[in-house]
Amino acid sequence: MRRRIVAGNWKMNGTQSDASALVRAISVDLNRDSAVQVVLCPPFILIPTVATLLTGQQGIEYGGQNLDVHDHGAYTGEISAPMLRDFGCRYVIVGHSERRALYGDTDDLVAAKSRKALDSGLTPIVCVGESLRQREQNTTESVVGAQLDAVVAGVGSARCAEIVVAYEPVWAIGTGRSATPVQAQSVHRFIRDRLAAANDARAADIPILYGGSVKPDNASALFAEPDIDGGLIGGAALSAADFLAICHAAA
Ligand code: PEP
């Protein structure tokens, strides 16, 4: 049985006091009896704040939004997997479309980061997704398939069962224009089949999250689809009420 996960990507937002208020509001009202794994991904500099507040709390994990492939050394501005582990992170987002588009994260680099995460005891939340132009050109499956294949080759087919995949159509991120449940399910099914080609025995266990303008009013319909196992949430993760409503919808 695969896990349901709702992960919040705070991106480059928040001060220490914003982060404290958000974590407190989420942890006070979170239904801890639910089977949903909640993951908060604050900016690196706010991880200690979040970690301190979540010490001893059940049902909420936290992680980074990126990592470097090296463990340490002369890599100015970067953060490594051992550093994330040192602060208690269990997850890390890898290959977000903003990293791919703005910071040059290629399929091969995303694969290397995914492998580094696994080798270091972190679960990578591997983002894949097509641009609007690629969707209009009917190349969604070839784009997403290539992104996925690179990661499977990088981590190995046996270990691909240890990753979490997030399907995030680029045209739906931060735009208010979510994929419809039918559109999302179709790509999630494609992703699951592609994973099954690599690891038939375990593909059914791999959580595949949907991301792209998930809000309280569309979350239930998306999460009702058979291959949508939760969400990677951007804008709505900055509001405790909205994020909790989305967690509730996943339960
Ligand atoms: C994201 O950035 O991962 C994301 C899904 O953003 P939003 O929910 O704001 O579209």
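It should be emphasised that the depicted structure is a prediction, and the values quoted were computed from it without experimental measurement.

Student: I keep staring at the environment of V128 and nothing clicks. Help me out?
Tutor: Looking at the element boundaries, V128 is found in strand β5 (residues 123-128). What makes V128 buried here is its relative accessible area of 2%. Discounting chain neighbours no more than four positions away, the residues touching V128 are R100, V144, Q147, L148, V165, A166, Y167, E168 and I191.

Student: Got a minute to help me understand the sheet that holds β5 in this structure?
Tutor: By way of backbone hydrogen bonds, the strands of a sheet pair with one another, either parallel or antiparallel. Pairing in this closed barrel of 8 strands is parallel, and the strands run β1-β2-β3-β4-β5-β6-β7-β8 around the ring. The average angle at which neighbouring strand axes cross in this sheet is 30 degrees, direction not considered. In this structure, strand β1 (residues 4-9) lies alongside strand β8 (residues 230-233), joined through 4 bridges in parallel fashion. By the bridge assignment for β8, V6 is matched with G231. Sitting on the sheet, helix α10 (residues 240-250) is in contact with β1, β2 (36-41) and β8, with an inclination near 165 degrees to β1.

Student: I would appreciate a short explanation of the site of the ligand in the present structure.
Tutor: As a matter of local geometry, the ligand sits amid 14 residues, with K11, H96, E168, G174 and S213 nearest to it. Taking G174, its main chain carries an N or O atom lying 2.7 Å from an oxygen atom of the ligand. Between the ligand and G234, the relevant distance is 2.9 Å, taken from an oxygen atom to a main-chain nitrogen or oxygen of the residue. In isolation the ligand exposes 300 Å². Once the protein is present, 97% of that is buried. Mapping the ligand onto the cavity grids shows that it belongs to the second largest pocket.

Student: How should I be thinking about the pattern of salt bridges in this particular structure?
Tutor: Pairing between side chains of opposite charge can happen when the charged atoms of each approach one another. Going through the model one piece at a time under the given rule, you end up with 17 salt bridges. The partner of R194 in a salt bridge is D149, with the nearest N and O atoms 2.7 Å apart. Here R194, found in helix α8 (residues 181-198), pairs with D149, found in helix α7 (residues 140-155); they are 45 residues apart in sequence, far enough to count as distant. Look at R194 and you get partly exposed, because its relative accessible area is 31%. Assessed through its relative accessible area of 36%, D149 is described here as partly exposed. A cluster of three or more residues bridged by salt bridges with shared partners is formed by R2, R189, R192, D193, D227 and D229.

Student: Before we go on, may I ask you to explain the packing of aromatic side chains in this structure?
Tutor: The way to describe two aromatic rings as a pair is by their centre distance and the angle between their planes. What the rule picks out here adds up to 1 aromatic pair. With a centroid separation of 6.3 Å and an interplanar angle of 55 degrees, the aromatic rings of Y167 and Y210 are classed as tilted. In this pair, Y167 sits in strand β6 (residues 164-167) while Y210 sits in strand β7 (residues 208-211), placing the two residues 43 residues apart along the sequence. The residues Y167 and Y210 share a single accessibility class, namely buried.

Student: Would you take a moment to explain the packing of helix α9 (residues 216-223) against α10 for this structure?
Tutor: For any two helices packed against each other, one specifies the crossing angle of their axes together with the interaxial distance. Running from amino to carboxyl end, α9 crosses α10 at an angle of 20 degrees, the nearest separation of the two axes being 9 Å. Overall, the two elements α9 and α10 adopt an arrangement that is roughly parallel. In this structure, the crossing between α9 and α10 has a hand that is right-handed. Along the contact surface, α9 presents P216, A219, S220 and F223, while α10 presents D242, A245, I246, A249 and A250. When grouped by side-chain class, the residues that make up the contact of α9 with α10 number 7 nonpolar, 1 polar and 1 charged.

What counts and what doesn't
Residues numbered from 1 in each chain as written. Predicted model: local features only at pLDDT ≥ 70, side-chain atom pairs only at ≥ 80, totals over all residues. Heavy atoms only, no water. Helix = DSSP H or I, 4+ residues; strand = E, 2+ residues; numbered from the N terminus. Buried < 20%, exposed > 50% of the residue type's maximum accessible area, 1.4 Å probe, protein only. Contact = heavy atoms within 4.5 Å. Pairing = 2+ DSSP bridges. Axes fitted to C-alpha atoms, helices over the stretch in contact; angles between N-to-C directions. Near = heavy atom within 4 Å. Polar contact = N/O pair within 3.5 Å; in protein donor to acceptor, adjacent residues only side chain to side chain. Areas by Shrake-Rupley, 256 points an atom, 1.4 Å probe, with all protein chains shown as cover. 1 Å grid on protein atoms, 1.4 Å probe; cavity = no way out; pocket = protein on both sides within 12 Å on 5 of 7 lines; lining within 4 Å. Sits in = over half its atoms within 2 Å of the grid points. Salt bridge = Lys/Arg side-chain N within 4 Å of Asp/Glu carboxyl O. Phe/Tyr/Trp six-rings, centres within 6.5 Å; stacked < 30°, edge-to-face > 60°. Parallel < 35°, antiparallel > 145°, perpendicular 65-115°, else oblique. Left-handed = near helix turned anticlockwise from the far one by under 90°. Nonpolar A, V, L, I, M, F, W, Y, C, P; charged D, E, K, R; others polar.

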